[in-house]
Amino acid sequence: MQIDHPDTPPTARVLNPTSYAVANDGVRVRPPATQRTSALRSRGFTLLELLVVMVILGLLAGYVGPRYFGQIGKSEVKAARAQIESLAKALDQYRLDVGRYPTTEQGLAALNTRPGNEPKWDGPYLSKALPQDPWGRPYQYRSPGEQGEFDLFSFGRDGQPGGTDDAADVAFK
């Protein structure tokens, strides 16, 4: 519905009082039809645009995901190696004080708790509790070891002897 006022110039006639713009001279004018339709179109996305975005995100996830999760496995192996090195240094300190490494029966617990009849024990040799490997299992310890004076290792992600990649055993060398 067009509202005509006798003192309003024809360029400032208002069709709908809520859809108007203010011209440079302060007079209300209706915006051109192209501005009205582009304003209506910019309110949302079409289904096709959303599908294209979803496909792109899926492709990125398929490309980046395996690389990211591959790095997680490598970092667990690095963490296990660092913990084994730390435990080996604590075992060396135990040996300096006691004169020998803990037996297999005493295990790594001897680093935090005085074994029976060890008068020279001057621990604890670890500042915190005995850690689990990055996969949540205890480290394996043997003394005397097959590879040296002691064997200190983790079975890796699979928890079984042997394995490959991040499922391989992580041992002190």
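Provided above is the structure to which this section pertains.
None of these values were measured; they are calculated from a predicted model.

Thoughts on the overall build of the chain
Alright, step 1. In terms of helices and strands, the chain carries 2 helices and 5 strands.
Alright, step 2. Each helix (α) and strand (β) of the chain, taken in turn from the N terminus, gives the series β-β-α-α-β-β-β.
Alright, step 3. Within the span of the chain, comprising 173 residues, buried residues form 24% of the whole.
Alright, step 4. Partitioning the contacts of the chain with sequence separation of at least 6, the portion at a separation of at least 24 is 34%.
Alright, step 5. As displayed, the chain has an accessible area near 12,400 Å², and 58% of this comes from carbon and sulfur atoms.

Looking at the nonpolar core
Alright, step 1. Membership of the largest hydrophobic core comes to 22 residues, with the highest contact counts inside it found for Leu91, Leu108, Leu111 and Leu152.
Alright, step 2. Among the elements that take part in this core, helix H2 (residues 47-98) stands out by supplying 9 residues, more than any other.
Alright, step 3. Contact partners of Leu152, with chain neighbours within four places excluded, come to Ile84, Leu87, Ala88, Leu91, Leu108, Tyr139, Gln140, Tyr141, Val170, Ala171 and Phe172.

Description of a positive patch on the surface
Alright, step 1. A surface patch of positive charge is lined by Lys74, Lys78, Arg81 and Lys173.
Alright, step 2. Counting through the fold element by element, Lys78 comes out in helix H2.
Alright, step 3. Owing to a relative accessible area of 60%, Lys78 belongs among the exposed residues under this scheme.

Quick look at the sheet that holds strand S5 (residues 170-171)
Alright, step 1. Strand order in the open sheet formed by 3 strands is S3-S4-S5, and the pairing between neighbours is antiparallel. The open sheet has two edge strands with one neighbour each: strand S3 (140-142) and S5.
Alright, step 2. As paired elements, strand S4 (residues 151-154) and S5 share 2 bridges and run antiparallel to each other. In the sheet register, Ser154 faces S5, and the bridge partner there is Val170.

What counts as what
Residues numbered from 1 in each chain as written. Predicted model: local features only at pLDDT ≥ 70, side-chain atom pairs only at ≥ 80, totals over all residues. Heavy atoms only, no water. Helix = DSSP H or I, 4+ residues; strand = E, 2+ residues; numbered from the N terminus. Buried < 20%, exposed > 50% of the residue type's maximum accessible area, 1.4 Å probe, protein only. Contact = heavy atoms within 4.5 Å. Areas by Shrake-Rupley, 256 points an atom, 1.4 Å probe, with all protein chains shown as cover. Core = buried A, V, L, I, M, F, W, Y, C linked by side-chain atoms within 4.5 Å. Patch = residues over 30% accessible without salt bridge, like charges linked within 9 Å, V, L, I, M, F, W, Y side chains within 5 Å. Salt bridge = Lys/Arg side-chain N within 4 Å of Asp/Glu carboxyl O. Lys, Arg positive; Asp, Glu negative; His and termini not counted. Charge placed at Lys NZ, Arg CZ, Asp CG, Glu CD. Pairing = 2+ DSSP bridges.

By themselves these figures say nothing about function.
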